[in-house]
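Structural overview
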Amino acid sequence: MSEPRRRRTAVLLGRLSLPERNFLADALRTETVGGMLLLLAAVASLIWANTLHHSYEAAAGHHFGPSALGLHLSVEHWAADGLLAVFFFVAGVELKRELVAGELRSPSAAVLPVIAAVCGMAVPALVYTVVSSAGGGSLKGWAVPTATDIAFALAVLAVIGTSLPAALRAFLLTLAVVDDLLAILIIAVFFTSTINFAALAGAAACLVLFWLLLRLEVRGWYVYVPLALVIWALMVNSGVHATIAGVAMGLTLRCTTRPGEAHSPGEHVEHLVRPLSAGLAVPLFALFSAGVSISGHALADVFEKPETLGVLVGLVAGKTIGVFGGTWCAARFTRARLNPDLTWPDVFAVATLAGIGFTVSLLIGELAFKGHQQLTDEVKAAVLVASAISAVLAGCLLKLRNTTYRRLYDNEERDEDGDGIPDIYEEDEPAYHLRMAEILERKAAEHRRLAQLARRDGGPDTI
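Reading guide: rules and limits
- Residues numbered from 1 in each chain as written.
- Predicted model: local features only at pLDDT ≥ 70, side-chain atom pairs only at ≥ 80, totals over all residues.
- Heavy atoms only, no water.
- Helix = DSSP H or I, 4+ residues; strand = E, 2+ residues; numbered from the N terminus.
- Buried < 20%, exposed > 50% of the residue type's maximum accessible area, 1.4 Å probe, protein only.
- Contact = heavy atoms within 4.5 Å.
- Axes fitted to C-alpha atoms, helices over the stretch in contact; angles between N-to-C directions.
- Parallel < 35°, antiparallel > 145°, perpendicular 65-115°, else oblique.
- Left-handed = near helix turned anticlockwise from the far one by under 90°.
- Nonpolar A, V, L, I, M, F, W, Y, C, P; charged D, E, K, R; others polar.
- Salt bridge = Lys/Arg side-chain N within 4 Å of Asp/Glu carboxyl O.
- Phe/Tyr/Trp six-rings, centres within 6.5 Å; stacked < 30°, edge-to-face > 60°.

Let us look at the overall build of the protein. From N to C terminus, the protein includes 17 helices and four strands. Among the 463 residues that make up the protein, the fraction classed as buried is 48%. Of the contacts formed within the protein by residues at least 6 apart in sequence, a portion of 77% connects residues at least 24 apart.

Written as structure tokens, this is what we have:
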């Protein structure tokens with residue numbers, strides 16, 4: 001009788017598969033550039049709002065659009081409902097790809113980012129509730145500190161120059177995808193007051209048509225873009241936040257490849273739309289949403305008012321504790337073990353990055369305190385301050401391990417045989433070692449030739 005097979009121990013934050021690694025590299029490249037633009041837009045917004053305040057208010061509050069279609073909106077409203085719909089469309093495609101072909105396709109692999117994301121949203125909400133209620137503040141803003149801004153976090157990584165290993169970057173990206181999904185659910189469930197069922201039914205019918213056209217493999221942007229605009233406009237008029245339309249359309253795309261396809265339709269569309277989202281939509285949203293008056297008194301209010309203090313502590317402490325605690329629990333109460341190349345302080349540093357909650361936190365802040373402009377601006381200031389503190393803290397923690405990260409990163413990128421595939425993915429293949437043997441033999445022969453030339457030209461004799 002044979003012995004029972006031992007269950008394989010899962011590795012937390014282990015090496016990615018080659019296709020996943022290549023996808024991650026492309027996605028992070030775009031998001032990092034977008035994050036830098038987001039930083040610039042946020043700085044420009046703050047400068048504009050604090051030097052030419054009336055001009056900023058006039059620009060953000062300017063209304064345009066067809067009133068007959070219910071789309072006579074302010075510039076700020078267009079940015080929040082229109083441009084962020086593009087951002088959430090990309091988030092929907094990312095989520096679909098992760099579910100069918102990425103890290104979330106396997107329940108065992110999905111456990112870590114899902115637990116980390118859920119804990120990373122529950123703990124900040126709890127922290128806000130405790131801090132705000134202790135000070136007699138409003139509980140409406142409990143959802144503000146629950147979101148992570150992946151573009152801003154990657155921009156911080158680019159600024160401090162940390163060569164974070166692919167596994168940690170993938171964890172951060174997958175965490176943000178699940179985070180976005182939960183944020184979308186929060187917006188849909190808790191920030192929808194009145195519903196126009198006729199408009200909502202029309203949006204749903206058009207979404208079904210969108211899905212059918214995709215399944216029938218009808219091609220042409222001139223079919224899908226106008227239909228997407230109709231879905232979005234109906235969603236705006238339905239009372240449900242328009243960003244839900246974006247993620248719903250993203251989820252309808254096929255993200256698996258068929259024979260003869262190099263990339264799935266979802267990956268192709270995401271490749272086209274992601275630069276528009278990261279490079280234009282999100283920075284413009286930041287430009288017209290992050291402009292709050294910053295003064296000594298306003299900054300003092302962030303640390304004194306219960307609502308703003310709840311947001312601040314929720315993002316800086318709640319996010320870090322939630323993400324790190326969720327990851328530790330996943331390792332403690334399952335058979336998984338941490339990648340031996342990494343340590344728990346590495347996970348803590350990445351968890352600190354999750355406290356950067358810029359884009360979606362600003363959006364939820366506007367929805368939570370609608371009609372209370374002063375409190376909305378104060379909450380936005382708290383998000384900005386908390387994101388800055390988290391960025392500085394994460395930067396300091398990651399810098400302490402930068403030498404180790406550089407070594408791991410260089411090892412992941414090493415391609416000595418020049419075939420375009422990192423050597424780390426080929427070390428178990430005999431063909432790789434044969435190629436390396438040929439390369440080293442050619443190098444050895446060249447060095448022998450050079451040694452003979454040096455000896456002939458009167459160089460020092462060597463053994």
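It is the contact of helix α3 (residues 75-100) with helix α9 (residues 243-252), at a shortest axis distance of 6 Å, that shows an interaxial angle of 30°. In terms of their interaxial angle, α3 and α9 are classed as roughly parallel. Our pair here, α3 against α9, has a crossing hand that is right-handed. Within the contact between the two elements, α3 uses Ala80, Leu84, Ala85, Phe88, Phe89, Gly92, Val93, Leu95 and Lys96 and α9 uses Thr243, Gly246, Val247, Met249, Gly250, Leu251 and Thr252. Its residues assigned to classes, the contact of α3 with α9 shows 10 nonpolar, five polar and one charged.

Considering all chains together, one arrives at 10 salt bridges under this definition. Two residues, aspartate 179 and lysine 319, come together in a salt bridge whose shortest N-O distance is 2.6 Å. Of this pair, aspartate 179 sits in helix α6 (residues 166-190) while lysine 319 is found in helix α12 (residues 306-332), placing the two residues 140 residues apart along the sequence. A single burial state applies to aspartate 179 and to lysine 319, both of which are buried. The closest approach of N and O atoms between arginine 401 and aspartate 346, which form a salt bridge, is 2.7 Å. Remark: aspartate 346 occurs in helix α13 (residues 344-353) and arginine 401 occurs in the loop between α15 (373-399) and α16 (402-413); sequence separation between them is 55 residues. On the accessibility criterion, arginine 401 (22% relative accessible area) is partly exposed. Three or more residues joined by partner-sharing salt bridges are found here, namely Glu76, Glu366 and Lys380.

Scanning the model with the defined rule gives 10 aromatic pairs in all. Both rings, one in phenylalanine 87 and one in phenylalanine 88, keep their centres 5.1 Å apart while their planes meet at 80°; by these two values the pair is edge-to-face. With respect to burial, phenylalanine 87 and phenylalanine 88 carry one shared label: buried. An aromatic cluster of at least three residues, connected via ring pairs, comprises Trp48, Tyr56 and Phe288.

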